[in-house]
Amino acid sequence: MSAIKEPSFRESVDLMFNRAVALMDLPPGLEEKIRVCNATYTVRFGVRLRGQIQTFTGYRSVHSEHMEPVKGGIRFAPSVNQNEVEALAALMTYKCALVEAPFGGSKGGLCIDPRKYDEHELERITRRFAYELAKRDLIHPSQNVPAPDMGTGEREMAWIADQYARMNTTDINARACVTGKPLNSGGISGRVEATGRGVQYALQEFFRDARDVEKAGLDGTLDGKRVIVQGLGNVGYHAAKFLSDEDGCKVVGIIERDGALFNEDGIDVDAVQQWLAKHGGVSGYPDATYTREGGKILEEACDILIPAALEGVINMENAARIQAPLIIEAANGPVTAGADEILRKKGTVIIPDMYANAGGVTVSYFEWVKNLSHIRFGRMQRRQEESRHQLVVDELEKISAALGTQYSLTDSFKQKYLRGAGELELVRSGLDDTMRIAYQSMRDVWHDRADVEDLRTAAYLVSIDKVASSYRAKGL
Ligand code: NAD
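Rules of the game
Along each chain, residue indices are assigned from 1 in the same order as the chain's sequence is written. The predicted nature of this model means local features are confined to residues of pLDDT at least 70 and side-chain atom pairs, given and counted, to a pLDDT of 80 or more, with totals for whole chains, interfaces and linings taken over all residues. With hydrogens and water excluded, all non-hydrogen atoms of the structure serve as input to the side-chain values. Only residues above 30% relative accessible area that lack a salt bridge enter a patch, with like-charged residues linked at up to 9 Å and the nonpolar side chains Val, Leu, Ile, Met, Phe, Trp and Tyr linked at up to 5 Å. Surface exposure here means Shrake-Rupley accessible area, sampled with a 1.4 Å probe, where a residue is shielded only by the protein chains that are shown. Salt bridges are counted wherever a side-chain nitrogen of Lys or Arg sits within 4 Å of a carboxyl oxygen of Asp or Glu. For helices the rule is a DSSP run of H or I covering at least 4 residues; for strands it is a run of E covering at least 2, with both sets numbered from the N terminus onward. Between buried and exposed lies partly exposed: a residue is buried under 20% and exposed over 50% of the maximum accessible area for its type, with that area taken using a 1.4 Å probe on protein chains only. Whether two residues are in contact is decided by their heavy atoms, any of which lying within 4.5 Å being enough. Here the aromatic set is Phe, Tyr and Trp, taking the six-membered ring for Trp, and pairing holds for ring centres within 6.5 Å; pairs whose planes are under 30 degrees apart are stacked, those over 60 apart are edge-to-face, and all others are tilted. Should the NZ of a Lys or the CZ of an Arg lie within 6 Å of a ring centre and within 35 degrees of the ring normal, that charge is described as sitting over the ring. Domain start and stop positions are those given by an automatic or database domain assignment. In these notes, a set of buried Ala, Val, Leu, Ile, Met, Phe, Trp, Tyr and Cys residues joined through side-chain atoms within 4.5 Å is what counts as a nonpolar core. What makes two strands pair is DSSP finding at least two bridges between them. Lines fitted to C-alpha atoms define the axes, with helix axes restricted to the stretch in contact, and inter-axis angles between N-to-C directions lie between 0 and 180 degrees.

Novice: Requested: an account of a nonpolar patch on the surface, with residues and values cited.
Specialist: A cluster of nonpolar residues, L391, V392, L396, I399 and L403, forms a patch on the protein surface that exposes about 470 Å² of accessible area. You can see L396 is positioned in helix α13 (residues 382-403). The class for L396 is partly exposed, based on a relative accessible area of 41%.

This is the structure we're talking about:
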């Protein structure tokens, strides 16, 4: 690629796709069939607010229907546009294929700054948007299942689910029309933090292979690694929190809308999140140095850089100055195709978005299955598992007493062993397994093929191959 003009988000995704398909042997025409976005629906609707009608523009894009339903989040942001929604929908296709979630790719967006509306107004706008989409089967348990994305969360998903149920009063599977719902509206334990948790599991798997760690010029484990995170929202907060609380990472930089915080000794992620919620920004936070020019902190020295806010933040302008040897794309599209080329030449290792943030759609898949099966995971097995474990513990204790040995099972072992898995444990186990297997499939391609120099190309190869097989099986 000639590094002259910064490609748009949509162009970046296509350029990265093209780089990968050039290494594949797809039948003529199939490559284009996979790349193009099947359809994008634009809707403009009015809502009477504050005494006047306000018109909103929203999109729902369906990239690939090789599997149905199609799946992808709904974003609320003033910058939402067709190009962005289509790029995000394409990424969803590749992401679902990579982690073997049985969905095609879709995405939605509404041009709105949600911070400018109160809760009641947002509910009316969201319900109206959901009505417009549901009316055209662009929200539907077996055809198109949205989820949260930037600017939306459990609350909006609950409104969407309720709106769909009101419009489809006899649909017993109505709850499966959207994922990321609160637990009391058909949600699943562990969905809120799933994407951040997935980022943590992805890094854990990366650090399990010393060859990969060495490729990034790092060594050892996650313990003590210096992390900079951009965006302390759903994804960034949970990723930073789990990595610092559970893996011994040190979060030295946090970048938000209004600037960034830096402290070489580490920053308390929870304290900053509470500050952010209270003050609407990070400025004024007492235990770190504040810089108004947040973007500069992306360029600071650290071991792991986690862009978890929005696309295009690492671009041709700043790529050469990025010092982190390892970038994990928690956000969608944070590195442009131009920057990707510069970073690859520098030897920076990038764990690509389509894999890195797939934890959300993975747990959404579990939620959808839960909704369709109408039963919480673990409800049937948990106590049975516990009583079988109790039998083993009782027997071991009897043997130990009979032999008169000093050995007895410790209380902490018994506590852990006797506890049957509830929904949260099962969700975490399923997510960890998914993230490990998907990483291993990319890693194999990365290591085995001399013509594949980066994880992103490996990820595209694995996922395009799966999408292609699915089209071939359909006889297309
Ligand atoms: P969010 O709205 O919860 O958080 C985004 C955060 O980024 C907010 O704290 C916001 O203040 C901050 N931010 C916005 N603009 C910024 C800027 N210019 N500089 C620094 N910070 C900025 O959104 P989210 O759900 O965490 O999504 C973040 C990214 O992760 C998006 O790219 C989204 O597509 C992707 N993603 C989200 C999920 C999910 O489950 N929520 C799943 C997969 C991918």
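Novice: Can you lay out the side chain of R75 for me, pointing to particular residues and giving the numbers?
Specialist: Relative to the assigned elements, R75 resides in strand β3 (residues 70-77). For R75, a relative accessible area of 4% corresponds to the buried category. Beyond its immediate sequence surroundings of up to four residues, R75 is in contact with V80, E84, L88, G108, G109, L110, D149, M150 and E311.

Novice: Give a description of unusual backbone geometry that names residues and reports values.
Specialist: Backbone torsion omega between E68 and P69 reads 5°, so that peptide bond is classified as cis. In this structure, P69 sits in the loop between β2 (52-64) and β3. At E100, a residue that is not glycine, the phi angle is positive and equals roughly 55°. Relative to the helices and strands, E100 is located in the loop between α3 (82-98) and β4 (104-111). Since its relative accessible area comes to 54%, E100 is described here as exposed. Phi at D137 is positive, roughly 60°, even though this residue is not glycine.

Novice: Can you explain the packing of aromatic side chains? Please cite residues and give values.
Specialist: Counted under the stated rule, the structure contains 13 aromatic pairs. Between F45 and F129 the ring centres are 5.9 Å apart and the planes differ by 20°, which places this aromatic pair in the stacked class. Taken together, the positions of F45 in strand β1 (residues 39-49) and F129 in helix α4 (residues 119-135) put the pair 84 residues apart, joining distant regions of the chain. Across the pair, exposure class does not vary: F45 and F129 are buried alike. An aromatic cluster of three or more residues is present, and its members are F45, F56, Y117 and F129. The ring of F242 carries R197 above its face, with NZ or CZ at 3.6 Å from the centroid.

Novice: Describe the domain arrangement of the chain, with residues and values.
Specialist: Taken as a whole, the chain is organised into domain 1 (41-187), domain 2 (194-359) and domain 3 (382-420). Relative to domain 3, the C-alpha centre of domain 1 lies at a distance of 49 Å.

Novice: Go over the nonpolar core with me, naming the residues and quoting the values.
Specialist: Membership of the largest hydrophobic core comes to 91 residues, with the highest contact counts inside it found for L326 and Y460. With 10 residues, the single largest contributor to this core is helix α16 (residues 455-474). Split by domain, this core shows at least three residues from each of two domains, domain 1 (41-187) and domain 2 (194-359). Those residues in contact with Y460, other than ones at most four positions away along the chain, are V13, M16, F17, A20, L91, Y94, M354 and D465. Core analysis: the second largest hydrophobic core is formed by 28 residues, V47, Y117, A134 and L138 among them.

Novice: Explain the sheet that holds strand β12 (residues 349-351) residue by residue, including any values.
Specialist: An order of β9-β8-β7-β6-β10-β11-β12 is seen for the 7 strands of this open sheet, with the pairing classed as mixed. Sheet topology places β9 (289-291) and β12 at the edges, where each strand pairs with a single neighbour. Shown here is a sheet whose adjacent strand axes are inclined to one another by a mean of 20°, direction ignored. Pairing analysis gives 5 bridges linking strand β6 (residues 226-230) to strand β7 (residues 250-256), with the strands arranged parallel. Looking across to β7, one finds that R226 is bridged to K250.

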